[in-house]
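Spelled out from the first residue to the last, the chains are:
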Amino acid sequence: MSLFWANGGVISAVAAVVSVGLTIASVLVYQSAARFDRVGVVTEAEVIARRVDTRGDDDDYYITFQFNADARTVTREREVSRRYHRDVTPGDAVDIRYLPHDPREFEAYIGEKRNNAIWAQVIAGLAGLILLAMLWLMGRKVNRAVLARRLGYRTVAKVIQVVETKDSGRPSGGGYMIWQTGDDIRGESLMHPIGKLRAIGSGAEINVYVRKVHSVWDGDVGPRIVPDSRVPKVRRR
């Protein structure tokens, strides 16, 4: 399990939380769309104003609608897409659909909630596929390291480089080693405190496990555990 976290398990955990959150959000949007399809009331609304809110490099588009619902006038501003904002002008009459128990909750066009639900489902599906790909890649890497320690041969490799990583232009305090075995098999360590790696230094010899064309440092996977022999010891005289 420690190898999983060291190989980016935190990122996978965050991605899993995001994926679950997006899935839940898509379900909620679908439920809202079903409610509009079931009890929504279609009426005509007048576009009375529109505006653009510029924040940095992004523009948000808003339209103010006015319509009658249950003998009362509802006036509310809604954020809309750029295309919708472009296609309507103040004074236009458009069809909307509102909820009878809360007319302030309405669709800017018939089927808006359904379209949003479809997009939410697509995004949640893509997030799930990305998560699966990340887990497969990390699991493959961890499994390869475990098999190298368990089934590979142990040999000595020479550290050819200690690489210090940086974060936002400042030293992050971490880094990794690159080594090469006598039969020209190269490998990279997991992230470690840079002080620990500098103490080892370039040119040092380290113990690695090699299986096929992959090698792992015993400082990452730990020493191989050799089981106790079941052969009785012979006492010498």
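Our structure's up above, just so we're on the same page.
Since we're looking at a predicted model, the values are computed, not measured.

## Things to note about the packing of aromatic side chains
Moving on, step 1. By the definition in use, this model includes five aromatic pairs.
Moving on, step 2. Judged by centre distance (6.4 Å) and plane angle (50°), the ring pair of phenylalanine 65 and tyrosine 84 falls under tilted. With phenylalanine 65 in strand β2 (residues 58-69) and tyrosine 84 in helix α2 (residues 82-87), the pair connects residues that are 19 residues apart, well separated along the chain. Each member of the pair, phenylalanine 65 together with tyrosine 84, is buried.

## A few points about the environment of isoleucine 178
Moving on, step 1. Along the polypeptide, isoleucine 178 turns up in strand β7 (residues 170-181).
Moving on, step 2. A residue is classified by how much of its surface remains accessible, and isoleucine 178, at 10% relative accessible area, is buried.
Moving on, step 3. Apart from the residues lying within four places of it in its own chain, the contact partners of isoleucine 178 are Lys158, Val159, Ile160, Gln161, Val163, Arg186, Gly187 and Glu188.

## What to know about the sheet that holds strand β4 (residues 93-99)
Where strands meet in a sheet, backbone hydrogen bonds hold them as pairs that are either parallel or antiparallel.
Moving on, step 1. The five strands lie next to each other as β3-β2-β1-β4-β5, forming an open sheet whose pairing is antiparallel. This sheet does not close on itself; its edge strands, each paired only once, are β3 (72-80) and β5 (102-107). The mean angle between the axes of side-by-side strands here comes to 45°, regardless of whether they run parallel or antiparallel.
Moving on, step 2. Relative to β2, strand β1 (residues 41-55) runs antiparallel, the two being bridged by nine bridges. Looking across to β2, one finds that arginine 55 is bridged to aspartate 58.

## Re the pattern of salt bridges
As a working rule, side chains carrying opposite charge can pair if their charged atoms are close by.
Moving on, step 1. Tallying each qualifying case throughout the model produces 10 salt bridges.
Moving on, step 2. Residues glutamate 107 and arginine 97 are paired through a salt bridge, measuring 2.8 Å at the closest nitrogen-oxygen approach. Of the two residues, glutamate 107 is situated in strand β5 and arginine 97 in strand β4; the sequence distance between them amounts to 10 residues.
Moving on, step 3. Overall, arginine 97 belongs to the buried group, its relative accessible area being 10%.
Moving on, step 4. Beyond isolated ion pairs, a larger network of salt bridges with shared partners links Asp37, Arg97, Glu107 and Arg114.

## Let's talk about a nonpolar patch on the surface
Moving on, step 1. A cluster of nonpolar side chains, namely Ile118, Trp119, Val122, Leu126, Leu129, Leu132 and Leu135, defines an oily patch on the protein surface of about 710 Å² accessible area.
Moving on, step 2. Structurally, the position occupied by leucine 129 is in helix α3 (residues 112-151).

Definitions and cut-offs
Residues numbered from 1 in each chain as written. Predicted model: local features only at pLDDT ≥ 70, side-chain atom pairs only at ≥ 80, totals over all residues. Heavy atoms only, no water. Phe/Tyr/Trp six-rings, centres within 6.5 Å; stacked < 30°, edge-to-face > 60°. Helix = DSSP H or I, 4+ residues; strand = E, 2+ residues; numbered from the N terminus. Buried < 20%, exposed > 50% of the residue type's maximum accessible area, 1.4 Å probe, protein only. Contact = heavy atoms within 4.5 Å. Pairing = 2+ DSSP bridges. Axes fitted to C-alpha atoms, helices over the stretch in contact; angles between N-to-C directions. Salt bridge = Lys/Arg side-chain N within 4 Å of Asp/Glu carboxyl O. Patch = residues over 30% accessible without salt bridge, like charges linked within 9 Å, V, L, I, M, F, W, Y side chains within 5 Å. Areas by Shrake-Rupley, 256 points an atom, 1.4 Å probe, with all protein chains shown as cover.

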